[in-house]
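Chain and residue survey
Listed here are the chains, written in short residue letters.
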Amino acid sequence: MSEINNIDTKTYLDMDLLRFTTAGSVDDGKSTLIGRLLYDSKSIFQDQLDAIEEASQRKGKEYVDLSLLTDGLRAEREQGITIDVAYRYFATPKRKFIVADTPGHIQYTRNMVTGASTANLTIILVDARHGVIEQTMRHSFIASLLQIKHVVVCINKMDLVDYSEEVFNKIKADYEAFSSKLDIPDIQFIPISALNGDNVVDKSENMDWYKGASLLYTLENVHIASDLNYVDARFPVQYVIRPHSTEYHDYRGYAGRVEGGVFKVGDEVVVHPSGFTSKIKSIDTITGPLEEAFPPMSVSITLENDIDISRGDMLSKPLNQPQTSQDIELMICWLNEKKLNPSAKYYIKHTTKEARCMVKDVRYKVDINTLHKLEDQKEIGLNDIARILIRTTTPLYFDSYKRNRATGSVILIDEFTNETVAAGMII
Amino acid sequence: MASSYNLTHLKQLEAEAIHVMREVAAQFERPALLFSGGKDSIVLVRLAQKAFYPGKIPFPLVHVDTEHNFPETIVFRDHLANKVGAQLIVRSVQDSINRGTAQEEKGLNPSRNGLQTITLLETIEEFKFDACFGGARRDEEKARAKERFFSHRTEFGEWDPKNQRPELWNLYNGRKSVGEHFRVFPISNWTEMDVWQYIAAEQLEIPTIYFTHQREVVNRNGALLAKSDYITLIGNEKYEMQTVRFRTVGDMTCTGAVLSDAATLEEVIEEVAGARSTERGTRADDKRSEAAMEDRKKQGYF
Ligand SMILES: Nc1nc2c(ncn2[C@@H]2O[C@H](COP(=O)(O)OP(=O)(O)O)[C@@H](O)[C@H]2O)c(=O)[nH]1
């Protein structure tokens, strides 16, 4: 592997970005694996290394415990567990990586959903000695629910099963048997030892029988460019720029992030909810105008006509408009200790729009271990996944989550505590 | 078709940061940008310019001045605020000390970093700021790895690690009760290298102390501290002229210099790339304890 440390500015500026999460149950070796990736990609500085060497010694460990690198807050250090989503960074000359490190405890579905919401890829760890367990299925289900297109199943601790091909094949077959029910287009299997580094960065000499790529090579090369939606043009207006200066007297720039499709100067656009149409006059940036804008760019758009547009409105194209409704079917993950209250109202955030909503029906709760639909269970609490029907105070302009993660996702907020209580994916 | 529409990682990070800044401008009534004169806050100012162009930055830059700053930082601060046409608000730790709300640390190189918290919270109270942008990054320190973009603070400015809102997709929840406020970190996902490369790509000006120069420094427990009125020499310590630069622009009392010949951004980047220690490793105040950062954060430092 060539080191990030030797790359020049040009290469650096050309790197793309991969966001991934790691999932596995406690002690499957997540922290060790992330530590190893950081270590082998030279993303660990000397003082950090000194600190963990010292801490490892203090704890009486005979080798440097790389898992200490990713250990966060003090409470967790004391309990020796990870209890929240932590983000890590490393880079190779090809890509920069953002890792959402999420813990594997049963009660922390919430964290995995949070980490997965922005990820392109999930690494699911399986302990080679234990094989596919309930949590493996749960994590895979969440990855599929959150529409993560790429899953890498890392069968870890191969050193403890004599690097056995048989063990690997058995786990792979078991996994494939249940994952066929899920919606994950790209699944790869890699036998590794996070502790010793086998197949993490370099191909392992201990597993000649494995013909695939190492984990890092896989992460560097997985094709993600087409994961975003470049078809359905969607531009939620975030903020209206009105400089009130003599130079820009009547200027109105609609600032926002392109959440789908491509917008070009001259394109005809339709504004929701007003339904007015206009043409794109310019796409402005401080370094000069652009001809076109695409996801996930943050730009400012001006229109030919002076129409009333404010935050929460959306631009699309006349021949490809989002759906609109006040009655919306959602898959949700409940994130809060306080249970879903069927008679309460919640704030709902969708793109840049905020409204209120009430829950009209709990269709079913999902048993995330068996994937069964529990239609008689209406009580939704922390870490539950359910399908619900909501009614919003004003119509939303949306796409299904499967079609567009940005225009198909919502969060629900408690009206009293202001806490984010649910993550919702529009069906 | 898709591949030609691919944003590089730095462009994606820029787009994310601009999105966050616009969310704040839209969701809050009185935002402010905490400006230290350091490279991270310089990047924030640039992103704010981009986010609201051709409008002016719609919030003030706020500097909490410890009065132990490098003079070069202060000159630069005034210059930049003037150049981008932003309102600059300066509040001083010394004023808090004079008011009796803060007390100077005892000891050889008393740090005012802790006191900054007090003055910052007083400033937030004075102007009723409801969201303050900071340039903190998650890669800087372990305690920050779990920080949110929108970090909720209690009425007392405190951060409760157990009570942070989950952040999903790019939907940021800025709802709050009276008196509560937020810290917002638009460049959470940037690394030190990203910041330097961005400064180079955007050709941003930065304070001169980031580049090599001759300066009298004293070696205290491995940290090279700049000669200043705020440091008392002990034992057989003495100042020596060295060729140094700084990797961060904290207080003169606790920001260590590194020996360096890096005179241009390119050379600084080369040095950062080969660096053997994290930038915070040169700050004396972090070393005080492994959990020091977390403690200060709970009190509202960030
Ligand atoms: N033998 C062996 N032990 C491993 C491997 N990966 C992790 N471990 C050990 O398994 C234990 C749990 O690992 P850790 O990374 O803390 O797991 P986490 O709870 O998933 O983060 C530690 O004692 C590790 O040293 C491996 O590949 N082989």
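Throughout what follows, the structure given in this document is the object of discussion. As the structure is a prediction and not an experimental result, all values here were calculated from the model.

1. Looking at the overall build of chain B
Looking only at helices and strands, one finds eight helices and 10 strands in chain B. Considering chain B as a whole, with its 302 residues, one finds that 65% of them fall into the buried category. Restricting to contacts in chain B with at least 6 residues of sequence separation, those with at least 24 account for 72%. Working note: accessible area of chain B is about 11400 Å², and carbon and sulfur atoms make up 48% of it.

2. Observations regarding the environment of B:D251
Residue and element names in this part refer to chain B. Residue placement: D251 occurs in the loop between β9 (240–246) and β10 (256–259). Taking the C-alpha atoms as reference points, D251 and H68, separated by 183 residues in sequence, lie 5.3 Å from one another. Setting aside residues up to four positions removed in sequence, D251 forms contacts with T66, H68, N69, F70, R112 and N113. A polar contact is formed between the side chain of D251 and the side chain of T66, at a distance of 2.7 Å.

3. Some thoughts on the pattern of salt bridges
Residue and element names in this part refer to chain A. Within the structure shown, the criterion is met by 43 salt bridges over all chains. Between K157 and D127 there is a salt bridge, with its nearest N and O atoms 3.6 Å apart. With K157 in the loop between β5 (150–156) and α7 (165–179) and D127 in strand β4 (residues 121–127), this pair connects stretches of sequence that are 30 residues apart. Owing to a relative accessible area of 2%, D127 belongs among the buried residues under this scheme. Residues R356 and E415 are paired through a salt bridge, measuring 2.6 Å at the closest nitrogen-oxygen approach. Highlighted residues: R356 in strand β17 (residues 353–366) and E415 in the loop between β20 (409–414) and β21 (420–426), separated in sequence by 59 residues.

4. A word on the site of the ligand
Residue and element names in this part refer to chain A. Taken together, 17 residues lie around the ligand, and D27, K30, S31, T32 and D159 are the ones closest in. A distance of 2.8 Å separates an oxygen atom of the ligand from a polar backbone atom of K30. A distance of 2.8 Å is found between a nitrogen atom of the ligand and a side-chain nitrogen or oxygen belonging to D159. Contact with the protein chains removes 81% of the 580 Å² of surface that the ligand exposes when unbound. Per-element tally for the shell around the ligand: the top contributor is helix α2 (residues 30–40), with three residues. Among the residues forming the shell around the ligand, the class breakdown is five nonpolar, seven polar and five charged.

5. Observations concerning helix α6 (residues 134–145) of chain A
Between its first and last C-alpha atoms α6(A) spans 16 Å; for 12 residues at 1.5 Å apiece the expected length is 16 Å, and the two agree. Trailing α6(A) by a residue or two, A:Q147 shows a phi angle of about 60°, which is positive.

6. With respect to the packing of helix α2 (residues 39–52) of chain B against helix α6 (residues 192–202) of chain B
Residue and element names in this part refer to chain B. It is at 10 Å that the axes of α2 and α6 come closest, and there the two elements cross at 55°. Classified by the interaxial angle, the pair formed by α2 and α6 is oblique. The handedness of the crossing between α2 and α6 comes out as left-handed. Contacts between α2 and α6 involve K39, D40, V43, R46, L47 and K50 from the first element and E192, V195, W196, Y198, I199 and E202 from the second.

7. Describing empty space enclosed by the protein
Scanning all chains against the criterion turns up six cavities of 30 Å³ or more. Its volume calculated, the second largest cavity comes out at about 110 Å³. Around the second largest cavity sit 15 residues that line it, and A:E259, A:T351, A:T352, B:H19 and B:N170 are the ones nearest its centre. At the level of secondary structure, the elements contributing two or more residues to the lining of the second largest cavity comprise β7 (235–241) of chain A together with α1 (9–27) of chain B. Broken down by element, the lining of the second largest cavity gets its largest block of residues, three residues, from α1(B). Its residues placed into classes, the lining of the second largest cavity shows four nonpolar, seven polar and four charged.

8. Overview of the side chain of A:E220
All names here are of chain A. As for its placement among the helices and strands, E220 is situated in helix α8 (residues 215–221). Buried and unpaired, E220 has no salt bridge, with K94 as the nearest side chain of opposite charge at 6.3 Å. At 2.6 Å, the side chain of E220 and the side chain of T92 are in polar contact.

9. Here we look at the pairing of strand β6 (residues 181–184) of chain B
Residues and elements named next belong to chain B. Side-chain alternation along β6 places H181 and R183 on one buried face and F182 and V184 on a second face that is also buried. Sheet analysis places strand β4 (residues 131–133) next to β6, joined by three bridges and oriented parallel. Paired with C132 across the two strands is R183, which belongs to β6. Pairing between strand β5 (residues 150–153) and β6: four bridges, direction antiparallel. Note on β6: the bridge partner recorded for R153 is H181.

10. Examining the environment of A:L215
Residue and element names in this part refer to chain A. Mapped onto the elements, L215 comes out in helix α8. Its relative accessible area of 0% is what places L215 among the buried residues. Sequence-wise, L215 and I192 are 23 residues apart; in three dimensions their C-alpha atoms are separated by 8.3 Å. Those residues in contact with L215, other than ones at most four positions away along the chain, are L33, L37, I123, V152, C154, I190, N199 and V200.

What counts and what doesn't
- Per chain, the residues get numbers from 1 upward, laid out in the order the sequence is written.
- Working convention: letters from A go to chains and numbers from 1 go to ligands, in the order in which they are written.
- For a predicted model such as this one, the threshold for reporting local features is a pLDDT of at least 70, and the threshold for listing and counting side-chain atom pairs is 80 or more; totals across whole chains, interfaces and linings nevertheless cover every residue.
- With hydrogens and water stripped out, all remaining heavy atoms of the structure feed into the side-chain values.
- Strands are runs of DSSP state E lasting at least 2 residues, helices are runs of H or I lasting at least 4, and numbering of each runs from the N terminus.
- Buried residues are those whose accessible area, probed at 1.4 Å on protein chains only, stays under 20% of the maximum for their type, while exposed residues exceed 50% and partly exposed ones sit between those limits.
- In what follows, residue pairs with any heavy atoms lying within 4.5 Å of each other are defined as contacts.
- Note on areas: these come from Shrake-Rupley sampling with a 1.4 Å probe, and a residue is covered only by the protein chains present in the view.
- Here a polar contact is taken to be a pair of N or O atoms separated by no more than 3.5 Å, where protein atoms must pair a possible hydrogen donor with a possible acceptor and residues adjacent in sequence count only if both atoms sit in side chains.
- Here a salt bridge means any side-chain nitrogen of Lys or Arg lying within 4 Å of a carboxyl oxygen belonging to Asp or Glu.
- Near, as used in this document, describes a residue that has one of its heavy atoms within 4 Å of the molecule or strand being considered.
- Amino acids are sorted into nonpolar (Ala, Val, Leu, Ile, Met, Phe, Trp, Tyr, Cys and Pro), charged (Asp, Glu, Lys and Arg) and polar (every other residue, Gly among them).
- To estimate the expected span of a helix, subtract one from its residue number and multiply by 1.5 Å.
- Only C-alpha atoms enter the line fits that serve as axes; for helices the fit covers just the stretch in contact. Angles between N-to-C directions range over 0 to 180 degrees.
- Working definition: roughly parallel below 35 degrees, roughly antiparallel above 145 degrees, roughly perpendicular at 65 to 115 degrees, and oblique for all remaining angles.
- In this scheme the crossing of two helices becomes right-handed for a clockwise turn of the near helix relative to the far one and left-handed for an anticlockwise turn of less than a right angle.
- Only protein atoms enter the 1 Å grid used here. Points where a 1.4 Å probe fits but cannot escape make up a cavity, open sets with protein on both sides within 12 Å along at least five of seven lines make up a pocket, and a residue lines them when an atom lies within 4 Å of a point.
- Grid points are joined across faces, edges and corners, and a volume is the space filled by probe spheres set on the points.
- Positive charges come from Lys and Arg, negative ones from Asp and Glu, while His and the chain ends are left out of the count.
- Being paired, for any two strands, means DSSP has found at least two bridges between them.

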